[in-house]
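Structural description and commentary
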Amino acid sequence: MRRRRAAPIASAVLVGLLWAGCAAREGASARAGALDWSSLGDEAVDVLTRYLRIDTSNPPGNERSAAEFFAKLFARDGIESRIYEAAPGRASIVARLSGDGSKPAVVLMHHMDVVPADARFWHADPFGGEIRDGAVWGRGAVDDKGMGVASAIALLALARARAPLASDVIFLGVADEEDGGALGAGFMVAQHFELFAKAGVVLNEGGYIATDAETGAARYYAVETAQ
Ligand SMILES: [Zn+2]
């Protein structure tokens, strides 16, 4: 999906947790209520600014650097992950929180590559991860690194809260979406589909919330059912 915009610092992480919440067992909501939302929001902004500074313009992609970024982020909280390389430098990453298996798995998916950016046409360094006027600027802030960070923070929050899960929650960051997907989603389906065999739903980019520029109020919620 090609778009060129700055992402508002509205807590996308809340959305990520709501997604992941469909995997939670009863009783988990009390633990979710105890989460420090403000601190998770700040953490999401910090992770996003650092993620945007990793140049994953496709071509050539170089998504392995992004995959290693997430592997390190998850490792700090004891979450194991695995990197799958389709070609040199062209990597995808999978991390999983296990549930009791009574419900199908939820996959939180995003693509780690971005459309190349020509700095001459930007108001900010496309790979600077700058925060300006309450927004995070950078190539991929909206498409699709913001979603990736919301998913990652959701995974971290669930792990820290030791949330009881009915289903596995799987973080999936893929390579190569902006240039056909063969070395990302295509490769994972062809070579590692067993990882997602018990998935019931994949949450991916597509829909968005349109807000009024002055009041910030939601004008409408756009839902895309497949991409
Ligand atoms: Zn996209």
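Treat the numbers as computed from the prediction; the structure is a model and nothing was measured.

Now for helix H3 (residues 37–52). The end-to-end C-alpha distance of H3 is 22 Å, a good match for the 22 Å that 16 residues give at a rise of 1.5 Å each. Taken residue by residue, H3 has Leu40, Ala44, Val45, Val47, Leu48, Tyr51 and Leu52 as its buried positions.

Here the focus is unusual backbone geometry. In this structure, the amide linkage connecting Asn58 to the following residue, Pro59, adopts the cis form with an omega of 0 degrees. The residue Pro59 is located in the loop between H3 and helix H4 (63–75) in this model. With an omega of 0 degrees, the peptide bond between Pro59 and Pro60 qualifies as cis. Within the secondary structure, Pro60 is located in the loop between H3 and H4. Positive phi, close to 50 degrees, is recorded for Asp133, a residue that is not glycine. One can find Asp133 in the loop between strand E5 (130–132) and strand E6 (135–137).

To continue, consider helix H6 (residues 185–192). Taken as a whole, H6 has its buried residues at Ala185, Phe187 and Met188. Buried residues along H6 cover an arc of 160 degrees about the axis, so they all sit on one side. Tucked inside the fold, the buried residues of H6 contact strand E2 (81–87), strand E3 (90–97) and strand E7 (169–174).

What the 5 strands build is an open sheet, ordered E2-E3-E7-E4-E8; its pairing is mixed. Edge strands, defined here as strands with exactly one partner in the open sheet, are E2 and strand E8 (199–203). Averaged over all neighbouring strand pairs, the angle between strand axes comes to 20 degrees, with direction disregarded. Bridge count for strand E4 (residues 105–111) against E7 is 6 bridges, and the pairing is parallel. Directly across from His111, in E7, lies its bridge partner Val174. Strands E2, E3 and E7 of the sheet are contacted by H4, whose axis makes an angle of about 20 degrees with E3. Helix-sheet contacts for helix H5 (residues 141–160) involve E3, E4 and E7, and the interaxial angle to E4 is about 145 degrees.

Rules and cut-offs
- Residues numbered from 1 in each chain as written.
- Predicted model: local features only at pLDDT ≥ 70, side-chain atom pairs only at ≥ 80, totals over all residues.
- Helix = DSSP H or I, 4+ residues; strand = E, 2+ residues; numbered from the N terminus.
- Expected span 1.5 Å × (residues − 1).
- Buried ≥ 20, exposed ≤ 12 C-beta atoms within 10 Å, placed from the backbone.
- Arc of directions from axis to C-beta.
- Contact = placed C-beta atoms within 7 Å.
- Pairing = 2+ DSSP bridges.
- Axes fitted to C-alpha atoms, helices over the stretch in contact; angles between N-to-C directions.

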